[in-house]
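The lines below spell out each chain.
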Amino acid sequence: MKVENPWKQNPWFESVAVAQQRARKRLPAPVYAALVAGSERGLTLRDNEAAFGEIGFAPHVAGQQAERSMATTVMGQDISLPVVISPTGVQAVHPDGEVAVARAAAARGTVMGLSNFASKSVEEVCAVNDRTFFQMYWTGDRDVMIQRMDRARAAGAQGLIATLDWSFSMGRDWGSPEIPEKIDLKTMIRMAPKVATKPRWLWQFGPRHIPDLTAPNLAPPGGDAPTFFGAYYEWMSTPPPSWQDVAWMREQWEQMSGKPFMLKGVCRVDDALRAVDAGADAISVSNHGGNNLDGTPASIRMLKPVADAVGEQLEVLLDGGIRRGSDVVKALALGARSVMIGRAYLWGLGANGQAGVENVLDILRGGIDSALLGMGLSSIDELHPGLFDIPDGFHRTLGAPA
Ligand SMILES: Cc1cc2nc3c(=O)[nH]c(=O)nc-3n(C[C@H](O)[C@H](O)[C@H](O)COP(=O)(O)O)c2cc1C
């Protein structure tokens, strides 16, 4: 008779914080640090999470609703909970990378946002999640951008996310992890001491035990995928976009696909109004997860002024700092149609692959449901700011038009 070890750790985790602890334990230190990311002092990174803690609940003691609903739509896609996967470019932390995340999102009924710098191709990802939005940076010349957009369209992408909030600010006060140019034998030997402590992590990459650090969605037709650094160099050397360029990108995408367009990284009311003028169907109020200009307020502080200004004209999403279902509910109350998550699912992926990402989505779903129950609501549609305890001065209105 096979005796089960009763002390074996259950791979299921109860909170995103526990997923993060597990990912930290499981991943080599530089890999974990690459997921933490952040810039300069880390002020925005910390505020993105901490600001949610300033908003309080006012729960009912009785009279709650037995049935509660949280399904909605984002850019025409039905989703079973108001949480979508924000694109992130470092999913080679797991051999299945973006494919595992896309499968988890599909299993839990939501949208996969796929990064321009993804380690898996848009074809592989769309094959496992037919609700994939492809993300583009402003990189390469116009012909190259059209070719990449058209490839995503042909693969089945259902929307385009233009991420433009990036200022190439590199320094971190806590130091950046080493990311090798290419993972060859020489690099493996040099980095061995950092990775050898996590043999289980390395072993999962199969016979060669080498994670791939290329960007297949930036490969020229019939050509090889550039390395991550090759891709970063192209991006750095591309002149930044104007508002006409944003309108151009939206127009190209609309003409070739007829599918919606999101501008991700909006912090200011004036920019949100310009996004409306440029024809965007959605915006994501986001500071790139605290990876752009440090000192930008938490996304949740900037949400309401933006949503009040443009919420009738396009879909407003909130991205940054979401770690629990109650955070999602607060964002929806302040005007978001849905939230986007980054590190939360990266911790799940690092801790337990596809099942870990599903676990994170289940934690968020459970937390949203608890919050609705406690507040006596039957649907996310009933959420509004008046139901919460929000301190004076919480909201930050940036770029209010004169
Ligand atoms: C490690 C890492 C890589 C990221 N890569 C991308 C990317 O390739 N494209 C993009 O649009 N945003 C990228 N982001 C930003 C996320 O899409 C998202 O805006 C951010 O993670 C949200 O904050 P959160 O992590 O607190 O949820 C990245 C974020 C992290 C942490």
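Residues numbered from 1 in each chain as written. Predicted model: local features only at pLDDT ≥ 70, side-chain atom pairs only at ≥ 80, totals over all residues. Heavy atoms only, no water.

**Student:** It is not clear to me how the overall build of the chain should be interpreted in this structure. Could you clarify?
**Tutor:** From N to C terminus, the chain includes 14 helices and 10 strands. For the chain, the C-alpha radius of gyration of 21 Å lies close to 21 Å, the compact-globule estimate for 402 residues. Principal-axis analysis of the C-alpha atoms places the extent of the chain at approximately 65 × 60 × 40 Å. Per-residue burial for the chain yields a buried fraction of 53% across its 402 residues. Sequence separation of at least 24 residues holds for 72% of the intrachain contacts in the chain that already meet a minimum separation of 6. (Helix = DSSP H or I, 4+ residues; strand = E, 2+ residues; numbered from the N terminus. Rg over C-alpha atoms; globule rule 2.2 N^0.38 Å. Buried < 20%, exposed > 50% of the residue type's maximum accessible area, 1.4 Å probe, protein only. Contact = heavy atoms within 4.5 Å.)

**Student:** Any chance you could explain the packing of aromatic side chains here in plain terms?
**Tutor:** Here a ring pair, both rings aromatic, is described through the centre-centre distance and the interplanar angle of the planes. For the structure shown, the criterion picks out 12 aromatic pairs. Ring geometry for Phe 117 against Tyr 137: centres 5.5 Å apart, planes inclined by 80°, an arrangement best described as edge-to-face. One end of the pair, Phe 117, is in the loop between β4 (112–114) and α5 (122–128); the other, Tyr 137, is in the loop between β5 (132–136) and α6 (142–155), and 20 residues separate them in sequence. Residue classification places Phe 117 among the buried residues on the basis of a relative accessible area of 5%. Of the residues examined, Tyr 137 reaches a relative accessible area of 9% and is grouped as buried. Connected via pairs of aromatic rings, a cluster forms that spans Phe 117, Tyr 137, Trp 166, Phe 168, Phe 228, Phe 229, Tyr 232 and Trp 235. Geometry around Trp 248 places Arg 142 over its ring, the cationic atom sitting 4.4 Å from the centre. (Phe/Tyr/Trp six-rings, centres within 6.5 Å; stacked < 30°, edge-to-face > 60°. Lys NZ or Arg CZ within 6 Å of the ring centre and 35° of its normal.)

**Student:** I keep staring at the environment of Trp 174 and nothing clicks. Help me out?
**Tutor:** Structurally, Trp 174 can be placed in the loop between β6 (159–163) and α7 (185–196). Sequence-wise, Trp 174 and Arg 41 are 133 residues apart; in three dimensions their C-alpha atoms are separated by 8.1 Å. Non-local contacts of Trp 174, meaning those with residues more than four positions away in its chain, are made with Ala 37, Gly 38, Ser 39, Glu 40, Arg 41 and Gly 42.

**Student:** How do you make sense of the layout of surface pockets when you look at a structure like this?
**Tutor:** Think of a ball as big as a water molecule: rolled over the atoms, this probe shows where empty space is left. Considering only enclosed or pocket space, the largest pocket measures out at about 920 Å³ in volume. Lining the largest pocket are 43 residues, and of these Ala 34, Ala 37, Trp 166, Arg 172 and Asn 291 sit closest to its centre. Counting only elements with at least two residues in the lining of the largest pocket, the list comes to α2 (29–36), α3 (43–50), α9 (228–236), β10 (338–341) and α14 (343–375). If one sorts the elements of the lining of the largest pocket by residue count, α9 sits on top with 4 residues. The volume enclosed by the second largest pocket comes to roughly 620 Å³. Taken together, 29 residues make up the lining of the second largest pocket; nearest its centre are Leu 164, Asp 165, Trp 166, Gly 265 and Asn 292. Secondary structure elements with two or more residues in the lining of the second largest pocket: α9, α10 (243–257) and β7 (261–266). (1 Å grid on protein atoms, 1.4 Å probe; cavity = no way out; pocket = protein on both sides within 12 Å on 5 of 7 lines; lining within 4 Å. Points joined across faces, edges and corners; volume = space filled by probe spheres on them.)

**Student:** Which parts of the structure should I look at to understand the pattern of salt bridges?
**Tutor:** Scanning the entire structure with this criterion turns up 15 salt bridges. Note that Arg 108 is salt-bridged to Glu 358, the shortest N-O span being 3.6 Å. Taken together, the residues span a long stretch of sequence, with Arg 108 in the loop between α4 (97–107) and β4 and Glu 358 in helix α14 at a distance of 250 residues. Here Glu 358 falls in the buried class, since its relative accessible area comes to 14%. As a salt-bridge pair, Glu 315 and Arg 337 come within 3.6 Å of each other at their nearest N and O atoms. Taken together, the positions of Glu 315 in strand β9 (residues 315–319) and Arg 337 in the loop between α13 (325–333) and β10 put the pair 22 residues apart, joining distant regions of the chain. For Glu 315, a relative accessible area of 17% corresponds to the buried category. A single salt-bridge network, built from bridges that share partners, covers Asp 47, Glu 54 and Arg 301. (Salt bridge = Lys/Arg side-chain N within 4 Å of Asp/Glu carboxyl O.)

**Student:** Which parts of the structure should I look at to understand the site of the ligand?
**Tutor:** The full set close to the ligand counts 23 residues, and Pro 87, Ser 115, Tyr 137, Thr 163 and Asp 319 are the nearest of them. In this structure, Lys 264 approaches the ligand through a side-chain N or O atom, which is 3.1 Å from a nitrogen atom. Protein coverage of the free-state accessible area of the ligand, which is 610 Å², stands at 95%. Because more than half of its atoms lie within 2 Å of the grid, the ligand is assigned to the largest pocket. Looking at the shell around the ligand, its residues break down into 6 nonpolar, 13 polar and 4 charged. (Near = heavy atom within 4 Å. Polar contact = N/O pair within 3.5 Å; in protein donor to acceptor, adjacent residues only side chain to side chain. Areas by Shrake-Rupley, 256 points an atom, 1.4 Å probe, with all protein chains shown as cover. Sits in = over half its atoms within 2 Å of the grid points. Nonpolar A, V, L, I, M, F, W, Y, C, P; charged D, E, K, R; others polar.)

**Student:** Just to check I follow, could you spell out helix α11 (residues 269–277) for this structure?
**Tutor:** Every buried residue belonging to α11 is among Val 269, Asp 270, Ala 272 and Ala 275, and all of these are buried. Next to the buried residues of α11 lie α10, β7, β8 (282–285) and α12 (299–310). One or two steps after α11, the chain reaches Gly 279, where phi turns positive at roughly 95°.

**Student:** Looking at this model, I keep getting lost on the side chain of Lys 330. Mind explaining?
**Tutor:** Locating Lys 330 in the fold gives a position in helix α13. The side chain of Lys 330 is buried and forms no salt bridge, while Asp 327, the nearest opposite charge, is found at 4.8 Å. (Lys, Arg positive; Asp, Glu negative; His and termini not counted.)

**Student:** Please explain the nonpolar core as it appears in this structure.
**Tutor:** Core analysis: the biggest nonpolar cluster contains 96 residues, and Met 249, Ile 283, Ile 300, Leu 318, Ile 341 and Leu 383 have the highest contact counts within it. When residues in this core are grouped by element, the largest group, 15 residues, is from α14. Beyond its immediate chain neighbours, meaning those up to four positions away, Leu 318 contacts Phe 52, Val 285, Ser 299, Ile 300, Leu 303, Ala 331, Ala 336, Ser 338, Val 339 and Met 340. (Core = buried A, V, L, I, M, F, W, Y, C linked by side-chain atoms within 4.5 Å.)

**Student:** Explanation requested: the packing of helix α1 (residues 16–26) against α14 in the structure shown.
**Tutor:** Where α1 contacts α14, the axes come no closer than 10 Å and their chain directions differ by 165°. As summarised for this structure, α1 and α14 are arranged roughly antiparallel, according to the angle between their axes. The crossing of α1 and α14 is right-handed. For the pair α1 and α14, contact is made by Val 16, Ala 19, Gln 20, Arg 22, Ala 23 and Arg 26 and by Ala 344, Trp 347, Gly 348, Gly 350, Ala 351, Val 360 and Ile 363, respectively. (Axes fitted to C-alpha atoms, helices over the stretch in contact; angles between N-to-C directions. Parallel < 35°, antiparallel > 145°, perpendicular 65-115°, else oblique. Left-handed = near helix turned anticlockwise from the far one by under 90°.)

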